[in-house]
Amino acid sequence: MTESPATHEHAREGGSRPSRGWTLAAFAGAAGVVLAAGSQVANATVTAPAEPRPSVSPSLTAAMQAEMMSDVLPASPPIRLTDPVTDGVDALTDAEREGVQDALDRLADESDLRLFVVYIESFDGTQPVDWANASANQSGFGTQDLLLAVATADQEFGLSADTNVPLTDAQLAGIDDAVAAAVGAERWADAATDAADAVRATGAGGPAPLLVAGVVAAAVLLLAALAWAVWRFGVPRLRPRLARRTPVVTGPTPDELAHLTPAELDARAAAALVGIDDALKTCEQELGLARAELGADATRDFELILARATADVREAFAIRQELDTIAAARADEAEGESPEPPQTEPEDPARRERLAHLLALCERAADTLDARTRAFDDLRRLQQRAPELLDDVVARAPEVAGRVGVTRSVLEELAQTYPSGTLALVSGNPEQAELLLANATEAVAAGRSALEAGQKAVAVSHARGAQNALGQAIMLLDAVDATAAHLELATSRLDKAVASLTQDVTSARSVEGDFRVTLARTAAQAALKHVEVTRQGGDPLAGLQRIAAAEGSLDAALASTRDTTEVKARASALLRDTLGRVDEQLRQTADFVATRRGAVGATARTRLAEAVRLSEAAHALQPADPAGALGEAQRASTLVLEAARLARADADAAVAAAAAAAAAGEPDDGAAVADANGPITGGMMLGGILLDPNLVRSRRRASTARIGGGFGGGGFGGGRPITLRRLGSLRVRR
């Protein structure tokens, strides 16, 4: 085998005489460098650090590099690689392929590096360097990805590694030697396994402990010397200037938030909450799909990651609820005092600090999810399984479509018994499910077209969108069935609740002279009368809530006339009924928000999150403090009703705005996004499902304030818009 020459250019700068006052700093820095060099010599296993390696073009992007590569490529183009092992010439037996895969898996498990292997017949006269580079660029490989290309007829190979790969020249040369020996002997499986084992043996290019210790010691000495020099020479000169400066009062917010007005900061915080909440919901859907495909054991780590991000988001929502409560209280106090609204918004440093913390929590949650995005995608192997996913949607869609008519009939029957307000959260579910099913069909067609064009990443995005659209359609239909069952149960429970409260009213009549008991008894009688009048065609859930509130007040008033055991027993029974009702209300509202998350804003989500928190607190207090738990449950009931009302208003406003825009012949922002994302209409847009893979995940914030997006095509991650990943130049030897 021959090797392509690899020359090294060492950029060296001429030295200059240090100025007085900095001699000590220079001496300490030199001493640190000597110490680091000494540690390097002491450790015989450490190789020299990687020097600059030749690049395709260090100033060009990956796309530009790939375009320039096309001038030297043969008629048969490079391969877009998705599988770890690609064997187009049957160079491996089944047993050998399994052995190669095991070696690659060991490397991935024990380091951050990944090795891809491709076997072809011939490079057709193209330099293996060029062929491997072009294939790596076309496959979108990053800094941690290596590509070994082997041409069996030519008995040549090319090893492609990013310039920034954590491997030294000596380590790469060792890998080359291991591969060359196997290729020369036509041991094709050994070429891959030896390469993977050689990479693994390097320890992924990690630095040696003594070298790290030497560098740290050098840095400490250098920083100490610089600090002494600044204190000795710099501070005396700066002290007069510092004394003349007017101190600037800085707020508790980061610099990037300081320029925002209170209204702008509020809007940014609201957008961040909506974005990360959408991302959590998308991750929950993705985890559900992965769990069904691979089992609970395979997804357990991701469940823990999602729980950690969810905890941060819950804390962020709690902050927003606290700030909303304070603002409402201040508004009530100011009502009537100042008829004229203030010309400018008053500054509230404490509020700004809390909103900054809220944004930090949302950012940290997004980081937590983004850190596991690649691992999750590797787990599901979506690019390899894209045709299977699309076929699965096609196979399941008819069954779901058949349920739409049945669900519509159920709603029609419910509408004859219950008022429209009782069914408001589910009344539009059949129509939304139909739209989603149509969108899923369109997404499947677009995904198959992308596969035919060789655009696997785009196909995966469409497959994910189709899966999530189908999942939302099922959720919508299930919600109607659950509502019907709950209303039937509530009707039967209402009779028992009325009988229990009637008995309490009778007991209260025997207590004389207690004004509190009299007031509670009067309120209970009014509640019983209201339920009796509205029994036919009324809302049994509202009736239960009214009866429960009246019974709770009357029980509290009569507590002094009952023994402790009876008080606790009655509180426990009332608590069970209340929690059952609240849990159902939470489920209904959460389903509504999840399936209309393209429209529901931050306020409704905040009230829902607080209701969930209060419900969980009530469940935790239930065994030891039923009375305290009942208070939390009742507050949760009030908040979840408010959340449902706000969510319905947001969804109705979004639908009305879209209808008005369509009537005027002017596409709204959602339609513009739909055009950019392919076949997306009202169903997916209202459900918060976008398909464009360029709107999925990134480590860089978008130009807007919104962090997330919860896009159904986005998969597991923090929901940030994507940026093109910049590939470093590739260093290759053959």
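Here the structure is a predicted model, which is why all the values come from computation and not from measurement. (Residues numbered from 1 in each chain as written. Predicted model: local features only at pLDDT ≥ 70, side-chain atom pairs only at ≥ 80, totals over all residues. Heavy atoms only, no water.)

Student: So what's going on with a negative patch on the surface? Residues and values would help.
Tutor: Together, Asp94, Glu98, Asp102, Asp105 and Asp109 make up a region of like negative charge exposed at the surface. Locating Glu98 in the fold gives a position in helix α3 (residues 94–110). (Patch = residues over 30% accessible without salt bridge, like charges linked within 9 Å, V, L, I, M, F, W, Y side chains within 5 Å. Areas by Shrake-Rupley, 256 points an atom, 1.4 Å probe, with all protein chains shown as cover. Salt bridge = Lys/Arg side-chain N within 4 Å of Asp/Glu carboxyl O. Lys, Arg positive; Asp, Glu negative; His and termini not counted. Charge placed at Lys NZ, Arg CZ, Asp CG, Glu CD. Helix = DSSP H or I, 4+ residues; strand = E, 2+ residues; numbered from the N terminus.)

Student: Please set out the packing of helix α19 (residues 602–621) against helix α20 (residues 626–664) residue by residue, giving values where relevant.
Tutor: Where α19 meets α20, the axes come as close as 7 Å, and the angle between the chain directions of the two elements is 160 degrees. Considered as vectors, α19 and α20 are oriented roughly antiparallel to each other. Classified by chirality, the crossing of α20 by α19 is left-handed. The class makeup of the residues in the contact of α19 with α20 is 16 nonpolar, three polar and six charged. (Axes fitted to C-alpha atoms, helices over the stretch in contact; angles between N-to-C directions. Parallel < 35°, antiparallel > 145°, perpendicular 65-115°, else oblique. Left-handed = near helix turned anticlockwise from the far one by under 90°. Nonpolar A, V, L, I, M, F, W, Y, C, P; charged D, E, K, R; others polar.)

Student: Can you tell me about the pattern of salt bridges, naming the residues and giving the values?
Tutor: Considering all chains together, one arrives at 37 salt bridges under this definition. Residues Lys281 and Asp277 are paired through a salt bridge, measuring 2.7 Å at the closest nitrogen-oxygen approach. One end of the pair is Lys281 and the other is Asp277, both in helix α9 (residues 262–294) and four residues apart, which spans about a single turn. An identical accessibility class is assigned to Lys281 and Asp277; each is buried. With its nearest N and O atoms 3.1 Å apart, the salt bridge here joins Asp324 to Arg607. (Buried < 20%, exposed > 50% of the residue type's maximum accessible area, 1.4 Å probe, protein only.)

Student: Tell me what's going on with the pairing of strand β3 (residues 145–151), and back it up with residues and numbers.
Tutor: The buried count for β3 comes to seven of seven residues, which makes it a mostly enclosed element. In this sheet, β3 lies alongside strand β2 (residues 114–120) in parallel orientation, the contact comprising seven bridges. Paired with Leu115 across the bridge in β3 is Leu146. Sheet analysis places β3 next to strand β4 (residues 156–162), joined by six bridges and oriented antiparallel. Following the sheet pairing, Val150 is matched in β4 by Phe157. As consecutive antiparallel partners, β3 and β4 are separated by four residues, and within that stretch Gln155 has a phi angle of approximately 55 degrees, a positive value. (Pairing = 2+ DSSP bridges.)

Student: How would you explain unusual backbone geometry if you had to name every residue and give the values?
Tutor: A positive phi is found at Asp90, a non-glycine position, where the angle reads about 55 degrees. Of note, Asp90 is situated in the loop between β1 (85–87) and α3. Under the relative-accessibility criterion, Asp90 is labelled exposed at 67%. For Gln155, which is not glycine, the phi torsion reads 55 degrees and is therefore positive. Within the element layout of this structure, Gln155 appears in the loop between β3 and β4.

Student: So what's going on with the nonpolar core? Which residues, and what values?
Tutor: Ranked by size, the top nonpolar core spans 32 residues in total, and within it Leu115, Tyr119, Leu148, Ile175 and Val179 carry the most contacts. Ranked by the residues each element gives to this core, the list is headed by helix α6 (residues 188–201), at eight residues. Residues in contact with Leu115, not counting those within four places in the same chain, are Pro84, Leu104, Leu107, Leu146, Leu147, Leu148, Ala192, Ala195 and Ala196. Listed in part, the 31 residues of the second largest apolar core include Leu257, Ala269, Leu323 and Ala356. (Core = buried A, V, L, I, M, F, W, Y, C linked by side-chain atoms within 4.5 Å. Contact = heavy atoms within 4.5 Å.)

Student: Quick rundown of the pairing of β2? Include the residues and the values.
Tutor: With six of seven residues buried, β2 lies mostly within the body of the structure. As defined by bridge partners, β1 adjoins β2 across three bridges and the pair is classed as parallel. Within β2, the position partnered with Thr86 by the bridge is Val118. In this view, the connection linking β1 to its parallel neighbour β2 by way of α3 has left-handed handedness. Taken together, β2, helix α4 (residues 128–138) and β3 constitute a β-α-β crossover, and its handedness is right-handed. (Right-handed = clockwise from strand over helix to strand, strands pointing away.)

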